[in-house]
Amino acid sequence: MSNKNLIQIKQFCLYHEIENTFITELNNYGLVKIIIEENDEFLQPEQLPEIEKMIRMHYDLNINLEGIDAIYHLLNKIESLQQHLTTVQNKLRIYEEHL
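Residues numbered from 1 in each chain as written. Predicted model: local features only at pLDDT ≥ 70, side-chain atom pairs only at ≥ 80, totals over all residues. Heavy atoms only, no water.

Asker: Help me understand the pairing of strand S3 (residues 40-43), please; the structure alone is not making it clear to me.
Answerer: Along any regular strand the residues' side chains alternate between the sheet's two faces. By the bridge criterion, 2 bridges tie strand S1 (residues 7-8) to S3 in an arrangement that is antiparallel. By the bridge assignment for S3, Gln8 is matched with Phe42. Pairing of strand S2 (residues 35-37) with S3 involves 3 bridges; the strand directions are antiparallel. Residue pairing for S3: Ile35 is matched across the bridge by Phe42. Counting the residues between successive antiparallel strands, the hairpin from S2 to S3 contains 2 residues, one of them, Glu38, with a positive phi of roughly 50 degrees. (Pairing = 2+ DSSP bridges. Helix = DSSP H or I, 4+ residues; strand = E, 2+ residues; numbered from the N terminus.)

Asker: Looking at this structure, I do not really get the sheet that holds S1. What am I missing?
Answerer: For sheets, the rule is that strands pair by backbone hydrogen bonds, running either parallel or antiparallel. Strand order in the open sheet made by the 3 strands is S1-S3-S2, with antiparallel pairing throughout. Each edge of the open sheet carries a strand with a single partner, namely S1 and S2.

Asker: Please clarify how the nonpolar core should be interpreted in this entry.
Answerer: Side chains of nonpolar character tend, in soluble globular proteins, to be buried together. One finds Phe12, Phe22, Ile23, Leu26, Leu43, Ile51 and Ile68 to be the most contacted residues of the largest nonpolar core, which totals 19 residues. Counting residues per element, this core draws most heavily on helix H3 (residues 48-60), which supplies 5 residues. Excluding residues within four positions of it along the chain, Leu26 makes contact with Leu31, Val32, Ile51, Met54 and Leu65. (Core = buried A, V, L, I, M, F, W, Y, C linked by side-chain atoms within 4.5 Å. Buried < 20%, exposed > 50% of the residue type's maximum accessible area, 1.4 Å probe, protein only. Contact = heavy atoms within 4.5 Å.)

Asker: How do you make sense of H3 when you look at a structure like this?
Answerer: Along an α-helix, residues three or four apart share an orientation, since each turn contains 3.6 residues. For H3, with 13 residues, the first-to-last C-alpha span of 17 Å sits near the 18 Å given by 1.5 Å per residue. Buried residues along H3 sit in contact with S1, helix H1 (9-16), helix H2 (20-28), S3 and helix H4 (65-97). Immediately beyond the C-terminal end of H3, within one or two residues, lies Asn62, with a positive phi of roughly 55 degrees. (Expected span 1.5 Å × (residues − 1).)

Asker: Could you clarify how one ought to interpret the packing of H3 against H4 in this entry?
Answerer: Contact pair H3 / H4: the axes reach a minimum separation of 10 Å and the direction vectors enclose 135 degrees. By the angle between their axes, H3 is oblique relative to H4. In this structure, the crossing between H3 and H4 has a hand that is right-handed. Across the interface between the two elements, Glu50, Lys53, Met54, Met57 and His58 of H3 pack against Ile68, Ile71 and Tyr72 of H4. The residue inventory of the contact of H3 with H4, partitioned by class, reads 5 nonpolar, 1 polar and 2 charged. (Axes fitted to C-alpha atoms, helices over the stretch in contact; angles between N-to-C directions. Parallel < 35°, antiparallel > 145°, perpendicular 65-115°, else oblique. Left-handed = near helix turned anticlockwise from the far one by under 90°. Nonpolar A, V, L, I, M, F, W, Y, C, P; charged D, E, K, R; others polar.)

Structure, rendered in structure tokens:
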């Protein structure tokens, strides 16, 4: 993977004025994926919006990492249920149209 599309964790943390250990802890909880290339740590750009939400939760709302982990698992479950509901509603529409 080319690191030109990756975001260096040191630079990300400097920009957001947070400790590098916060990103490491998010990785430990499985909330982000750290990519190591050439003895440096990087994030994928697709992860940035979610990481920035987690930063706001932790630093602005004082939610601890366990709370962030629980919130993200619940949000993922809600999203999955919403997708399932949409699928079921679409199938129901098909049956209703034939009545």
